[in-house]
Amino acid sequence: SNEELEETIAYFSEKQEEARKAIRAETFGKYKGKNVIIVQVEAFMNFVIGKEIGGEEITPHFNNLMKDSLYFENFYHQTGQGRTSDADFLTNISLHPLPTGSVFVRYPDHEYDSLSSILGSEGYHTAAFHAYESSFWNRYTIYKNMKYDEFLNRNNYIMDEAVGWSLGDKSFFKQSVNYITEEQGENPAPFYSFMITLTSHHPYVMPASLQELNTGSLDGTMMGDYLQSIHYADAALGELVEQLKKEGLWEDTLLLVYGDHDSSIKEKADYETFLGRSISDLEMHQIMNQVPLLMHLPDGNNAGVYLEPAGQIDITPTVLHLLGISTEENYLMGSDLLSTSKRMTVLRTGAFANSDLVYIPSEDHLFENGSCYEMPAGEQTDIHACKPSYEKSIFELAISDRLITHNLIHKLRSKE
Ligand code: GP9
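The model shown is predicted, which means the values in this text are computed figures rather than measured ones.

Turning our attention to the environment of Ser 85. Turning to its location among the elements, Ser 85 is positioned in helix H3 (residues 83–93). Its relative accessible area of 1% is what places Ser 85 among the buried residues. Between the alpha carbons of Ser 85 and Ser 414 there is a distance of 28 Å; along the sequence they are 329 residues apart. Look past the residues within four positions of Ser 85 in its chain and what remains in contact with it is Ser 102, Phe 104 and Trp 137.

Next up on the list: the side chain of Ser 229. Along the chain, Ser 229 turns up in helix H8 (residues 222–246). For Ser 229, a relative accessible area of 0% gives the class buried. If near-sequence neighbours (up to four positions away) are discounted, Ser 229 is found in contact with Ser 200, Tyr 204 and Met 206.

Below, the discussion takes up the pattern of salt bridges. Scanning all chains against the criterion turns up 15 salt bridges. Among the salt bridges present, the one from Lys 170 reaches Glu 239, with a minimum N-O distance of 3.8 Å. Here Lys 170 is found in helix H7 (residues 169–186), whereas its partner Glu 239 is found in helix H8, with 69 residues between them in sequence. Overlapping salt bridges bring together Glu 4, Glu 7 and Arg 402 as one network.

The next thing to look at is the state of the cysteines. Under the defined criterion, the tally for this structure stands at one disulfide. Each sulfur in the disulfide pair Cys 372 and Cys 386 lies 2.1 Å from the other. A torsion of 80 degrees about the S-S bond marks the disulfide between Cys 372 and Cys 386 as right-handed. With Cys 372 in strand E18 (residues 371–374) and Cys 386 in the loop between strand E19 (379–381) and helix H12 (387–405), the pair connects residues that are 14 residues apart, well separated along the chain.

A separate point is the packing of aromatic side chains. Here the structure, examined in full by the defined rule, presents 27 aromatic pairs. Taking the centre distance of 5.1 Å and the plane angle of 80 degrees together, the rings of Tyr 11 and Phe 12 count as edge-to-face. Here Tyr 11 and Phe 12 have matching classes, each one buried. Residues Tyr 204 and Tyr 226 carry aromatic rings whose centres are separated by 5.1 Å and whose planes lie at 80 degrees to one another, so their mutual orientation is edge-to-face. Here Tyr 226 lies in helix H8 and Tyr 204 lies in the loop between strand E10 (191–196) and H8, a separation of 22 residues in the sequence.

Attention shifts here to the UniProt feature "domain: Sulfatase N-terminal" (unreviewed entry) in the protein chain. In the numbering adopted here, UniProt assigns the feature "domain: Sulfatase N-terminal" (unreviewed entry) to residues 34–325. Taken end to end, residues 34–325 is 36% helix and 17% strand, and its two terminal C-alpha atoms sit 12 Å from one another.

Looking now at helix H10 (residues 281–289). Counting buried positions along H10 yields seven of nine residues, so the element is predominantly enclosed. Of all the residues in H10, the buried ones are Leu 282, Met 284, His 285, Gln 286, Ile 287, Met 288 and Asn 289. If you follow the buried residues of H10, they end up packed against strand E5 (75–76), helix H9 (268–275), strand E17 (357–360) and E18.

As a further point, take the site of the ligand. Every residue close to the ligand is listed here: Glu 42, Arg 83, Thr 84, His 130, Tyr 132, Phe 136, Trp 137, Arg 139, Trp 165, Leu 198, His 201 and His 261. Contact between the ligand and Trp 137: an oxygen atom at 3.1 Å from a side-chain N or O atom of the residue. Take His 201: an N or O atom from its side chain is 2.9 Å from an oxygen atom of the ligand. Within the complex, 92% of the 310 Å² of free accessible area of the ligand lies under protein. Residue composition of the shell around the ligand, grouped by class: five nonpolar, four polar and three charged.

Cut-offs and rules
- One numbering rule holds for all chains: residues counted from 1, following each sequence as written.
- pLDDT decides what is reported in this predicted model: residues at 70 or higher carry local features, side-chain atom pairs at 80 or more are listed and counted, and totals for whole chains, interfaces and linings draw on all residues regardless.
- To get the side-chain values, take all heavy atoms of the structure and skip hydrogens and water.
- Secondary structure elements follow DSSP: runs of H or I of four or more residues count as helices, runs of E of two or more count as strands, with numbering from the N terminus.
- Only protein chains enter the accessibility calculation, which uses a 1.4 Å probe; a residue is then buried when its area is under 20% of its type maximum, exposed when over 50%, and partly exposed in between.
- Here, residues are in contact when the closest pair of their heavy atoms is within 4.5 Å.
- Salt-bridge detection follows one rule: a side-chain nitrogen of Lys or Arg within 4 Å of a carboxyl oxygen of Asp or Glu.
- The disulfide criterion used throughout: a pair of cysteine sulfur atoms within 2.5 Å.
- Between the rings of Phe, Tyr and Trp (Trp by its six-membered ring), a pair exists once the centres lie within 6.5 Å; its type follows the angle of the planes, with under 30 degrees stacked, over 60 edge-to-face, and the other angles tilted.
- UniProt positions are given in the numbering used here, feature names are shortened, and annotations may be inferred rather than shown by experiment.
- The criterion for a residue being near a molecule or strand is simple. One of its heavy atoms has to lie within 4 Å of it.
- Any pair of N or O atoms that falls within 3.5 Å is considered a polar contact. Within protein, one atom must be able to donate a hydrogen and the other to accept it, and sequence-neighbouring residues count only if both atoms are side-chain atoms.
- What sets the accessible areas is the Shrake-Rupley method with a 1.4 Å probe; for residues, cover comes only from the shown protein chains.
- Side-chain classes follow a simple rule in which Ala, Val, Leu, Ile, Met, Phe, Trp, Tyr, Cys and Pro form the nonpolar group, Asp, Glu, Lys and Arg form the charged group, and the remainder, Gly included, forms the polar group.

Right, dumping it as structure tokens:
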């Protein structure tokens, strides 16, 4: 309806005003012309970061990188049924996934402002890397729409390390960076590479020779297998960083690493066994919904632990602003993580988190039956304290659904 269209226009003019303010932030344009590598790690959850098992760190390489990177400790995956494809959509298109199905599958030909299309028009060479069937999640089709110059898929890799579903992450990174360096030899333009890993995919069983952790009582359980596969994915990440340094790319590249979604291990008892203590409902909610986000800037600047809630939807505006590319004419729903801390992170379930509150919906999705927590104390409070933000979050999801299903970016742009 007309009223809905007006609402959508008003919503985005507010977002675009926020984008205009970001231009004044100290970090805007600080890394103009630098390369960007974004690594989306399969099923990488936040609860393993900094943790040990059997006296060994689960993610030693990630932990080490944190020292000169920005690490977002309360970073949420915001995915729905489209799982890995939703994470990709949130990250690269900065809109919410749909309540059912995957946008990649349902609306691959609608108009979107994607990180790859924007960077492409700024002279970047853009490529997506994923060593699996190119048609999975309809990537082959949507990546064309997202205007990637190239999509390297299973056919482009030598299968010299078979682990899990496909090529192991170590070889995947190695071949991907080799490709980038060869490509760069011929084409000196800055590049954006989006890499999707796969080894730490459900059901997580690694060959015995790659099971390096001593998982004790978790040995042989899915949780034990999960930790082994994350340990491997982390080692692969370590090798990626080494190779980038060796190739002389490290100082010229922004590297972002984040997890796409949870592991589908949903039993609270498994996490209690791992942590060796009982956990609250709020903590369980955070365990299942938080993934790590690490951002390494070329000079190691702005390093530290960032506590404000954030989500995958914020990645594209953050990266563009660091590169000095204005987003005031784009239709993006995320916020620049470095220019504003006043944001609300909305999950597809209708859960939200801001600096003061966390709302967790109930199974029946009736607002009153959900739980509202005061943050950072984590104490449950009167449900009505969450009402205004809850309404805003439901509105935000509705705007996103509307924009996607009615192909509104196209319409709104022609009205400008
Ligand atoms: C396959 C991979 C898996 O290409 O992205 O997706 P998932 O099953 O995790 O959604």
